[in-house]
Amino acid sequence: MSRTVTIGIDGRSLAGSPTGVGRYVANLVAAMSSMNPEVRLRLLLAAAPQAGARPGLAGVETRVLRTPLVDNVFTWNHLRLPVHLMTRPVDLFHGTFYTLPAFCPAPAVVTIHDITFHLHPEWYTRKARIAFNGFAASSARKARHILTVSECSRRDIIKAYGVPASKVTAVPLAPDPSFGPAQEPAHLAEVRKRYRLGEEYLLHVGSITPRRNLGRLLEAFASVRRRAPHLTLVLAGSVEPPSPPIEAAIGRSGLSGSVRVAGYVRAEDLPALYGGAAAVVCPSLYEGFGLPVLEAMASGIPVLASSTSCFPEVAGDAALLVDPTSTEAIAEGLWSVLSDVALRGRLREKGLARAAEFTWERAARGTLAVYQRALSDEAPRRAGETA
């Protein structure tokens, strides 16, 4: 870039209790912030960040945009954000959470992490389908460029939205630097006690939604537990509609007392939660990336994951991949990971090497290259419409 440019970045996913998208925004912005002095980043927030929230964001300009009268995600994205972009112009706006404002007064790129809501609308509430599907499709058309997180998602977006392949770039995610095989023993013990994790546990990380395939996981775990009665399954993540509370399914599977529903886990506890697990299981029917796979690998923990969607691309041969539609395959895979010492050792070593290939510096370079490409696009645009 031959001149200093200002990039506005949607940081609303950092508010409250950040999950995968929040970690994406925080790590990406932190990595980009010191990479190119000609790029100024302005992180636009819906609420003030929590105290001590990310040291890597300390030097980044932040703006908390309050929405008068009606304060919700819709009014923030489609009312407050455009007003800010008109009064405090940026050279480029990056919508990091699937959508752009209906009226976007700046050239824009958008990150569409996946289009599960389009491929499997039955997994979403009617409100969520409207909020994501319609606005994501229009955002894909309006954006100068579309970022996504895997080649799997890239192919799905191109096919579903009919956009040119040259307009969509896959920039893979990476594990947070806090994940590693060496965790402080005292913290491991404290987290194990606080979350009541048991002597030996399997771990699933992710919100409880239909795509996570937890019904089959519970059935498979019930089968495995007959051979390992001391084993616990820990579900780390909040229940999201339209999923009902998970406790009823646990009871029907005869697993009351053997499954620990941990709910949302604080970011500072996640490394220890991974570090103490016997294995991490990701049996999702569909994911755009599946960040817990890399987080577990970076922690030196063996992984069992689905053989579909993005998982072969992300995990390579460093995880045991099984058919997520087969309860028997999930159960057999879990028992193999638990009982085969040689397999566990191979998965640990391959997982550490695989996770090291994915870095936020790599993601930052890829994202900055997309910014540069979008800024060099001189196609004419009408007011409120990006080319």
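The structure we're discussing is the one just above.
**Student:** Explanation requested: the sheet that holds strand β1 (residues 5–10) in the structure shown.
**Tutor:** Hydrogen bonds along the backbone pair up the strands of a sheet, which may run parallel or antiparallel. Reading across the sheet, the seven strands line up as β3-β2-β1-β4-β5-β6-β7 and stay open at both edges, with parallel pairing between neighbours. Of all the strands in the sheet, just β3 (61–64) and β7 (168–170) have a single pairing partner and so form its edges. Going from strand to strand, the sheet's axes swing by 25° on average, the running direction of each strand aside. As judged from the three bridges shared by strand β5 (residues 108–111) and strand β6 (residues 145–148), these two strands associate in the parallel manner. Bridge pairing links T111 to L147 in β6. Running over the sheet, helix α1 (residues 20–33) touches β1, β2 (39–45), β4 (92–95) and β5 and is turned about 155° from β2.

**Student:** Looking at this structure, how should I read the environment of L197?
**Tutor:** Assignment of secondary structure puts L197 in the loop between α6 (185–194) and β8 (200–205). Sequence-wise, L197 and T4 are 193 residues apart; in three dimensions their C-alpha atoms are separated by 50 Å. Apart from the residues lying within four places of it in its own chain, the contact partners of L197 are V191, R192, T232, V234 and L273.

**Student:** What's the story with the nonpolar core in this structure? I'm lost.
**Tutor:** The nonpolar side chains of a soluble globular protein tend to be buried with one another. If you look at the biggest cluster of nonpolar residues, it comprises 101 residues, and the most contacted ones within it are F93, Y161 and L203. Excluding anything up to four places from it in sequence, L203 contacts V234, A236, L273, Y274, A277, A279, V280 and V281. Counting 30 residues, the second-largest nonpolar core is a separate cluster that includes L218, F221, V281 and A331.

What counts, and where the lines are drawn
- Residues numbered from 1 in each chain as written.
- Predicted model: local features only at pLDDT ≥ 70, side-chain atom pairs only at ≥ 80, totals over all residues.
- Heavy atoms only, no water.
- Pairing = 2+ DSSP bridges.
- Helix = DSSP H or I, 4+ residues; strand = E, 2+ residues; numbered from the N terminus.
- Axes fitted to C-alpha atoms, helices over the stretch in contact; angles between N-to-C directions.
- Contact = heavy atoms within 4.5 Å.
- Core = buried A, V, L, I, M, F, W, Y, C linked by side-chain atoms within 4.5 Å.
- Buried < 20%, exposed > 50% of the residue type's maximum accessible area, 1.4 Å probe, protein only.

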